[in-house]
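Listed here are the chains, written in short residue letters.
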Amino acid sequence: MLRGRRRMECTLDAQSLISISLRKIHSSRTQRGGIKLHKNLLVSYVLRNARQLYLSERYAELYRRQQHYPDGAPLLAMPACPPPAAAAPQELAGLPLPADTQDREVRSCGAMRGGTELLEGSVCSASPELQRAPCRDSSPGFYRVAGSAGPGGGGGGGGGGGGSSSSSAAPGLLYAAGCDFGSGGAPHCSSRTTVLDLDTHVVTTVENGYLHQDCCSQCPCCCQPAPGLLSPPPTPGTKRKYYPGQEEEEEGVEEGEPGGGGVAGGPPFAPCTKRARFEEYSAEHPQDSSNISNLISIFGSGFTGLVSRQQADSEQPLNGQLCSKQALASLGAWTRAIVAF
Amino acid sequence: SYTADIISTVEFNHSGELLATGDKGGRVVIFQQEQENKTQSHSRGEYNVYSTFQSHEPEFDYLKSLEIEEKINKIRWLPQKNAAQFLLSTNDKTIKLWKISERDKRPEGYNLKEEDGRYRDPTTVTTLRVPVFRPMDLMVEASPRRIFANAHTYHINSISINSDYETYLSADDLRINLWHLEITDRSFNIVDIKPANMEELTEVITAAEFHPNSCNTFVYSSSKGTIRLCDMRASALCDRHSKLFEEPEDPSNRSFFSEIISSISDVKFSHSGRYMMTRDYLSVKIWDLNMENRPVETYQVHEYLRSKLCSLYENDCIFDKFECCWNGSDSIVMTGSYNNFFRMFDRNTKRDITLEASRENNKPRTVLKPRKVCASGKRKKDEISVDSLDFNKKILHTAWHPKENIIAVATTNNLYIFQDKMN
């Protein structure tokens, strides 16, 4: 029990650290003298460390649940970025430090190429790590796509670390999935971003900036509340996307019973709520691809969204925790936001 | 208190006669030591204000929509060549060479001007005279002689004058530039660690300094706790270091904040040039230039803060950049801490002392009482517990007279000058 609580505290610290760090990055934008590259770099390291611990905690939690419920754990949305299968380390010491040499096939900051940087300098050390996490093992990790039926639909714990499974897998089976934007999802998922190289003062417009999350509500291959089955898993190596909505669902489960008793019947997937969240978020991000969208303005509005959400959630009992979870839920956006420096 | 008064840099000149401070408001204040009073042989001269001038003003970069702070980040003196004094002062973007000169005479007896400057009617001039210099009250003037601008995209953290006294370097987060003191429209980039893809950025330059004797050698420290020594003779662009100084991290100390506390905030060569000292958040390290894999000495400045890193992160104190300095003989090193404490480490006796810069101690000839912080457990009398430390009172900048045991210690708004007892 005590162990469990210490784990919880550990996770909570990670969450609050993430919130605090994001707030620091946000407030640094308005400080005199421009963004301090050094300070933001250091804050991004804390973010990365906290996130690694948080994810490893979640991964360990998931593993424990699978051990508990071999017939299918209750719905537990898993962040799409599990740590290496090798460990679910309890201490930070076990967590690998960012390695500059790891391959980087996933770049959420696909907009950044060729020495361009955004208006106020860049803080990017977090982003490679935060995105490398999912790709550290070459085989795709797994996540439970929202929309599976309740606990009865759990299709066995075999999905851990998973390879791809066939599309006829039982609902709830963890499988490698991702948003296959390659196949036809592209148009509404692409957008242009404008970057200004601080040194050469060259303005470049980059297509297909990583705004996929904003598009997810419209993307047919993911986030669909389709009962039962879901889109076939993509080939390994496809980008895996992190859906804020799923995080929210997970909150509902965990807050009730940290001991992992599960929620009978599970919270039925509430597509409307999720969609609403997505839309609330994406509404702040103009999808009109004919407009050149400035990442800085997205960044600003993204933060506004977070701040207002925090205020709105004052009725939640675990306010701090929830805010952090929301921060984590939209962490993908934050990685982009951090890179936007 | 008025934030523009916050002292941001302190530096003695080469003789120690002058002490310059820069502040957040862009001002430079220079103190001068009084000539020793021959009758009072038991004390050295006091430091009094010699000159005050506005070095930098706030600027606005319209292209990037950035306000450029006027805060003086560093001051470095040039060695004195003639009657005037020269110093370099820098803010985040622009370095300026200032000439400080004295005027104690003024010309009088002009033919066409009255003494108050009004022009005389030429028709009233009936005789001619030669103007002469007459003594006047000493006036100290500061005039900007060179302005070195537009060479830094990121924030300048260091300037360092070469031992050739003709060139100097300036370092920002990602680049180091070499300048000639006479030439303002050109600088040479000698270090560039900006990655092709800014996403790959993992460290920044935090400080840089020329070797005191070897005019082709300089070092720069990084946010990852490494120091690179570079030789400008090796290549034009010194991206490849000659030596890399790094101590492996102690894995048992790993925390969320390991990267922050290992970031080096200052690097200083010893006067001899044989050693260099680095300051990170919790310690001071002395490195032998001939040994790259670990420091030869490590001194804990305030190890009791290690368990408080989370709060120090929340209140931003963990980002404070403490400086460090050597005494003239390289036997003692000094650095600041919180609660207006500063610490000295005697390298020979291995003794250390904690002193406080505060008004109560500032009566002349009061001997400073050593302080002690009680990390845990029962607090003894006269000790201060960690939780009662005032983290708003921080000493980031200290300087040691190049020859005497006189130190300058800057608290937030005040400058304290201490000297050792002479008998």
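Residues take numbers from 1 onward in each chain, read along the sequence in its written order. Each chain is given a letter, starting from A, and each ligand a number, starting from 1, according to the order in which they appear as written. With the structure being a predicted model, the display of local features is reserved for residues of pLDDT at least 70 and the display and counting of side-chain atom pairs for 80 or more, all residues being used for whole-chain, interface and lining totals. The side-chain quantities take in all heavy atoms of the structure and omit both hydrogens and water.

- In the annotation of an unreviewed UniProt entry, the entry for chain B reads Serine/threonine-protein phosphatase 2A 55 kDa regulatory subunit B, and the organism field reads Calypte anna.
- UniProt's Sequence similarities (unreviewed entry) comment on chain B is quoted here verbatim: "Belongs to the phosphatase 2A regulatory subunit B family." UniProt positions are given in the numbering used here, feature names are shortened, and annotations may be inferred rather than shown by experiment.

### Observations regarding the packing of aromatic side chains
Residues and elements named next belong to chain B.
Part 1: Ring pairs are drawn from Phe, Tyr and Trp, using the six-membered ring of Trp, whenever the two centres fall within 6.5 Å, and their geometry is named by plane angle: stacked under 30 degrees, edge-to-face over 60, tilted for the rest. For the structure shown, the criterion picks out 18 aromatic pairs over all chains.
Part 2: Taken together, a centroid distance of 6.0 Å and an interplanar angle of 70° make the contact between Phe-12 and Tyr-47 edge-to-face. Remark: Tyr-47 occurs in strand S4 (residues 47-54) and Phe-12 occurs in strand S1 (residues 7-12); sequence separation between them is 35 residues.
Part 3: Summary of the burial criterion: residues with accessible area below 20% of their type's maximum are buried, those above 50% are exposed, and those between are partly exposed, where the area comes from a 1.4 Å probe applied to protein chains only. Under the relative-accessibility criterion, Phe-12 is labelled buried at 7%.
Part 4: Ring-pair connections join several aromatic residues into one group, and the members of that group are Phe-256, Phe-257, Tyr-313 and Phe-319.
Part 5: Whether a charge sits over a ring comes down to the Lys NZ or Arg CZ being within 6 Å of the ring centre and within 35 degrees of the ring normal. Over the ring of Tyr-110 we find Lys-113; its NZ or CZ atom is 4.8 Å from the centre of that ring.
Part 6: Seen from the ring of Tyr-275, Arg-347 lies directly overhead, with NZ or CZ sitting 4.6 Å from the centre. Runs of E in the DSSP output that reach at least two residues are strands. Runs of H or I that reach at least four are helices, and both are numbered from the N terminus.

### Let's talk about the pattern of salt bridges
Part 1: Salt bridges, as used here, are contacts in which a Lys or Arg side-chain nitrogen is within 4 Å of a carboxyl oxygen on Asp or Glu. Going through the model one piece at a time under the given rule, you end up with 36 salt bridges over all chains.
Part 2: Among the salt bridges present, the one from Arg-32 of chain A reaches Glu-67 of chain B, with a minimum N-O distance of 2.9 Å. Taken together, the residues Arg-32 of chain A in the loop between helix H1 (2-28) and helix H2 (37-68) and Glu-67 of chain B in strand S6 (residues 66-68) connect one chain to another.
Part 3: Judged by its relative accessible area of 29%, Glu-67 of chain B falls in the partly exposed class.
Part 4: Of the charged contacts in the structure, one is a salt bridge between Arg-134 of chain B and Glu-108 of chain B, with a shortest N-O distance of 3.3 Å. Linking Arg-134 of chain B in strand S10 (residues 132-148) with Glu-108 of chain B in strand S9 (residues 95-108), this pair joins segments that are 26 residues apart in sequence.

### Focus on the sheet that holds strand S23 (residues 324-326) of chain B
Two strands in a sheet stick together by hydrogen bonds in their backbones, pointing the same way (parallel) or opposite ways (antiparallel).
Residues and elements named next belong to chain B.
Part 1: Read from one edge of the open sheet, 4 strands run S23-S24-S25-S26, paired in antiparallel fashion. If you trace the sheet from one side to the other, it starts and ends with S23 and strand S26 (352-356), each paired once. Taken pair by pair, the neighbouring strands of this sheet meet at an average axis angle of 20°, ignoring direction.
Part 2: Here strand S25 (residues 341-346) runs beside S26; their pairing, made up of 5 bridges, is antiparallel. For Phe-341, the partnering residue across the bridge sits in S26 and is Glu-356. DSSP bridges decide pairing: two strands pair if at least two such bridges lie between them. Orientation is described by lines fitted to C-alpha atoms, with helices fitted over the stretch in contact, and by angles between N-to-C directions that extend from 0 to 180 degrees.

### Quick look at the pairing of S25 of chain B
Residue and element names in this part refer to chain B.
Part 1: Of all 6 residues in S25, 5 are buried; the element is thus mostly enclosed.
Part 2: As judged from the 5 bridges shared by strand S24 (residues 332-336) and S25, these two strands associate in the antiparallel manner. Looking at the pairing, Met-334 lines up with Met-344 of S25.
Part 3: Once S24 ends, the chain turns through 4 residues before running back antiparallel as S25, passing Asn-339 with a positive phi of about 60°.
Part 4: Between the antiparallel neighbours S25 and S26 lie 5 residues, among them Lys-350 with a positive phi of about 60°.

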